[in-house]
Amino acid sequence: MLYRSGFLKYVVSAAAICLITGMIAAQAPASWTVRPEWVRAHEEFLASDVLAGRGSATRDEELTASYVASEFIGYGLRPAPGMNGYIQSAEIISPELDGHAALSAGNVRAEEGTGFTLMQSGGVSMNGPLSKIRGADVGSAKFPRGSVVLITDVPAGKTAVQLSSSLWRGGAAMILEPWDDSTQQLYTMVGGKTRLPLRLKDSPDNRSGITVVAVNAAQLVQLNEVADGTAVSLTVKALPQASPRKTFNTIGYLPGTDANAGTILLTANLDHLGVGRPVNGDSIYNGANDDAAGTTAVLELAHALASGPKLKRSVLFVCYGSEEAGELGSTYFGEHPPVPLKDLVANLEFEMIGNQDPKMPKGTLLLTGYDRSNLGPTLKEHGALIGPDPYPEQHFFERSDNYALALKGVVAHTAAGWGTPPTYHQPNDDLAHLDLPFMTAAIQSLVEPVRWLASSDFVPKWNPGGKPSRN
Ligand SMILES: [Zn+2]
């Protein structure tokens, strides 16, 4: 008995030891710790005044892209399939106009300056059929691509700028809006000149080509008399571009063990607003949160995953340029992906994870478009500290790089901290205003869920009606 009981005891404890060692082996990756000093080190450089706010398609953006590439190399990432290095560049057009635009619609003629203010232009002449809409009816009205939409009046409690941003989402190519306090304010804010967004040189999708015209009162009365469907044209004269510009995406690749298992795409944007209008004597828009924080998340997830056991799926880590100029880097990437888009199982973008959102549970990130697919809920089941975006009215899902990929069918969402913190797009979005412990914990919380996603067979799907489409 003694012997037997002793033997049994041995068997039991040996089994327990096997079980424990097995558990340790299975859980070994969980021992990865995102160290706060690594997070701080990335931010110290990315958000420093030396990089002058990482303006879209500038040398500062290129320097940032080089830093990210160097880090990727250090972690052991490889160049993506078909690439020799880690940087994908795209030519950018930076339009300039002569300031003498002309508008015509039926018998109505108007000149820039005396008849209207050209608020924004893609740098090219535009024409299309007129659709008039009362300000009260703007709501979620949709228009065929290429429409010229005239807002005939602005109801009390609304501004022309608010109405035109709804129309922009509704697909209008050119908006004619009344010149009011809000348009005047916006025009002054951008320096008293036409906003001329950058655009990709060769792209079928040039959304930043939208044109916005603020029409003076007398011309508005005349345009009101023009019948719907009448051809409207705006003629602009572009000046030759002084020097060629490029934007830069940094791409790192972690090959998986199963070439047929698909690829996970982890992304952020590395550019910000550069140098702009001074606030309290500070003109450098550091973008420590927007989006050096997301870039840091991509870097540290690359660090963690490349240091762990081999994964079944491949992972692409991408930091895009020119997000602030209209998601140009991600649009270009979507048109020139190093792996076929159909092989991209999921895209997680990281944006502004540097502060806790007051509406979210403590330590939790919001995921834009949470209900559009089963990706968010499934990652949450696997321990990700994420939840539904409490600001659907802000359209965050459409306001980050995930959107360019989502439009192409990839299940793509953005994980973010505070949706619009007080530092949003201000020069004080700097290191001092980051919550580094929150940020470090947020990145840490995603390591294992992302590792699970890259090791599993789970293929996320859009929920019915969740996949976005551009009209
Ligand atoms: Zn931004």
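Residues numbered from 1 in each chain as written. Predicted model: local features only at pLDDT ≥ 70, side-chain atom pairs only at ≥ 80, totals over all residues. Heavy atoms only, no water.

Enquirer: Tell me about the overall build of the protein, and name the residues and values.
Expert: Helix and strand counts for the protein come out as 11 helices and 19 strands. Over its C-alpha atoms the protein spans a radius of gyration of 26 Å, differing by no more than 12% from the 23 Å that the globule rule assigns to 471 residues. By residue count, 51% of the 471 residues in the protein fall in the buried class. Put simply, the protein shows about 20,800 Å² of open surface, and 56% of that area lies on carbon and sulfur atoms. With 37 positive and 47 negative side-chain charges, the protein shows a spacing of 7 Å between the two charge centroids. (Helix = DSSP H or I, 4+ residues; strand = E, 2+ residues; numbered from the N terminus. Rg over C-alpha atoms; globule rule 2.2 N^0.38 Å. Buried < 20%, exposed > 50% of the residue type's maximum accessible area, 1.4 Å probe, protein only. Areas by Shrake-Rupley, 256 points an atom, 1.4 Å probe, with all protein chains shown as cover. Lys, Arg positive; Asp, Glu negative; His and termini not counted. Charge placed at Lys NZ, Arg CZ, Asp CG, Glu CD.)

Enquirer: Can you lay out the pairing of strand β19 (residues 412-416) for me, pointing to particular residues and giving the numbers?
Expert: Counting buried positions along β19 gives 5 out of 5 residues, so the element sits mostly inside the fold. Bridge analysis of strand β16 (residues 344-351) against β19 gives 5 bridges, and the strand direction is parallel. Pairing of Phe350 across the sheet is with Ala415, part of β19. Summarising the sheet, strand β17 (residues 365-367) and β19 pair through 2 bridges and their orientation is antiparallel. Looking at the pairing, Leu366 lines up with Ala416 of β19. (Pairing = 2+ DSSP bridges.)

Enquirer: Quick rundown of the nonpolar core? Include the residues and the values.
Expert: In summary, soluble globular proteins display a tendency toward joint burial of nonpolar side chains. The biggest cluster of nonpolar side chains holds 77 residues, and the ones touching the most others in it are Phe72, Leu266, Val315, Leu316, Phe317, Phe350 and Leu405. For this core, the leading source of residues is helix α11 (residues 436-455), giving 10 residues. Residues in contact with Val315, not counting those within four places in the same chain, are Gly252, Tyr253, Leu254, Thr263, Ile264, Leu266, Leu305 and Ala454. With 23 residues, the next largest nonpolar core counts Val108, Phe116, Met126 and Val232 among its residues. (Core = buried A, V, L, I, M, F, W, Y, C linked by side-chain atoms within 4.5 Å. Contact = heavy atoms within 4.5 Å.)

Enquirer: So, the coordination of the zinc ion: which residues are in play, and what are the values?
Expert: Binding of the zinc ion to the protein goes through Asp290 (OD), Glu324 (OE), Glu324 (OE) and His425 (NE2), at separations of 2.1 to 2.5 Å. One can describe the site at the zinc ion as irregular: its 4 donor atoms subtend angles covering 56 to 147° at the metal. For the zinc ion, all donor residues lie on one chain, and their spacing in sequence is D-x33-E-x100-H. Separated by 135 residues along the polypeptide, Asp290 in the loop between β14 (282-285) and α7 (292-307) and His425 in the loop between β19 and α11 bring together distant segments of the chain. Residue class for His425 comes out partly exposed when judged on its relative accessible area of 24%. (Donors = N, O, S within 2.8 Å, 3.2 Å for Na, K, Ca; no water. Tetrahedral: all angles 85-135°; square planar, octahedral: opposite > 155°, others 65-115°.)

Enquirer: Let's hear about the domain arrangement of the protein: which residues, and what values?
Expert: Once the domains are mapped, the protein shows domain 1 (31-94 + 243-455) and domain 2 (96-239). Centre-to-centre, using C-alpha coordinates, domain 1 lies 33 Å away from domain 2. Taken together, the contact between domain 1 and domain 2 spans 16 residues of the former and 11 residues of the latter. Across the domain 1-domain 2 interface, the total number found is 1 salt bridge. Residue Lys201 pairs with Glu91 through a salt bridge whose shortest N-O separation is 4.0 Å. Here domain 1 and domain 2 share 2 residue pairs in polar contact (both at pLDDT 80 or more) between them. Of all elements in the fold, only β1 (87-93) and α8 (328-335) reach the threshold of two or more residues within the side of domain 1 that touches domain 2. (Domains from an automatic or database assignment. Salt bridge = Lys/Arg side-chain N within 4 Å of Asp/Glu carboxyl O. Polar contact = N/O pair within 3.5 Å; in protein donor to acceptor, adjacent residues only side chain to side chain.)

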